[in-house]
Amino acid sequence: QVQFVESGGGSVQPGGSLRLSCVASGFIFRNYGMGWYRQTPGKEREWVARINSFGGFIEYVESVKGRFTISRDNANNRVYLQMNSPKIEDTAVYYCNGAPRRLSSWGQGTKVTVSS
């Protein structure tokens, strides 16, 4: 079964930092591009960042460029999102999944709350 387990969320102040982690299982991780997505109530799930299977190509949504960094560790089926200088509008539940090609399952996500 495809599974994603996100962790590392919590409360953070603007200008602080947070590192999200995701461990994936149930598929050949190294053969998939991976990404981070986020969702707030009343909004569609939004793509945030992606990294190709070998880590040589990375893209971000414009709003997080220069502040977030996606990375992956294929030996351990993990993908990370380093969040630097988060803003109030970054508050959301963050999920990982394949990107751009998503797998059918979503994990529980990890909640990030940016506030003073």
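Look above for the structure.
Below is a summary of the structure that appears in this document. Small disclaimer: the values here were computed from a predicted structure and weren't measured. In every chain, residue numbers begin from 1 and rise along the written sequence. Only residues with pLDDT of at least 70 are given local features in this predicted model, and only at 80 or more are side-chain atom pairs given and counted; all residues enter the totals for whole chains, interfaces and linings. Side-chain metrics rest on all non-hydrogen atoms present in the structure, leaving aside hydrogens and water.

1. Remarks on the side chain of serine 53
No. 1: Under the scheme used here, helices are H or I runs from DSSP no shorter than 4 residues and strands are E runs no shorter than 2 residues, and both carry numbers assigned from the N terminus. By the secondary structure assignment, serine 53 is in the loop between β5 (46-51) and β6 (58-60).
No. 2: Relative accessible area decides the class of each residue, using a 1.4 Å probe on protein chains only: under 20% of the type maximum gives buried, over 50% gives exposed, and in between gives partly exposed. A relative accessible area of 16% places serine 53 in the buried class.
No. 3: Residues are treated as being in contact if the distance between any of their heavy atoms lies within 4.5 Å. Beyond its immediate sequence surroundings of up to four residues, serine 53 is in contact with Arg30, Asn31, Tyr32, Gly33, Arg72 and Asn74.

2. Some points on the sheet that holds strand β8 (residues 78-84)
No. 1: Strand order in this open sheet of four strands is β1-β3-β8-β7, and the pairing throughout is antiparallel. The open sheet is flanked by β1 (3-7) and β7 (68-73), the only strands paired with a single partner. The sheet shows a mean angle of 15° between the axes of neighbouring strands, taken without regard to direction.
No. 2: Should DSSP find at least two bridges between two strands, the strands are regarded as paired. Bridge analysis of β7 against β8 gives six bridges, and the strand direction is antiparallel. Paired with aspartate 73 across the bridge in β8 is arginine 78. Convention adopted: a line fitted to C-alpha atoms gives each axis, helices being fitted over their contacting stretch, and angles between N-to-C directions are expressed from 0 to 180 degrees.

3. Re the pairing of strand β4 (residues 34-39)
No. 1: Judged by how many residues are buried, β4 sits mostly within the fold: five of six residues are covered.
No. 2: Sheet topology places β4 next to β5; five bridges connect them, and they run antiparallel. Note that in β5 the partner of tyrosine 37 across the bridge is tryptophan 47.
No. 3: Where β4 hands over to β5, the hairpin turn is made up of six residues, of which glycine 42 adopts a positive phi near 85°.
No. 4: Bridge count for β4 against strand β9 (residues 92-98) is six bridges, and the pairing is antiparallel. Within β9, the residue paired with methionine 34 across the bridge is glycine 98.

4. Here's the deal with the nonpolar core
No. 1: Side-chain atoms within 4.5 Å are what join buried Ala, Val, Leu, Ile, Met, Phe, Trp, Tyr and Cys residues into a set we call a nonpolar core. By size, the foremost hydrophobic cluster in this structure holds 26 residues, and its most contacted members are Trp36, Val79, Leu81 and Tyr94.
No. 2: Secondary structure elements with two or more residues in this core: β3 (17-25), β4, β5, β7, β8, β9 and β10 (110-114).
No. 3: Take this core: its biggest share by element is four residues, from β3.
No. 4: Apart from the residues lying within four places of it in its own chain, the contact partners of tyrosine 94 are Glu6, Leu20, Trp36, Tyr37, Arg38, Val48, Phe68, Leu81, Met83, Gly109, Thr110 and Val112.

5. Looking at the state of the cysteines
No. 1: When two cysteine sulfur atoms are found within 2.5 Å, that pair is recorded as a disulfide. Across all of its chains, the model carries one disulfide by this definition.
No. 2: Disulfide pairing is shown between cysteine 22 and cysteine 96; the S-S distance is 1.7 Å. Disulfide cysteine 22-cysteine 96: torsion about the S-S bond near 45°, hence right-handed. Of this pair, cysteine 22 sits in strand β3 while cysteine 96 sits in strand β9; the two residues are 74 residues apart in sequence, bridging distant segments of the chain. Neither residue differs from the other here; cysteine 22 and cysteine 96 are each classed as buried.

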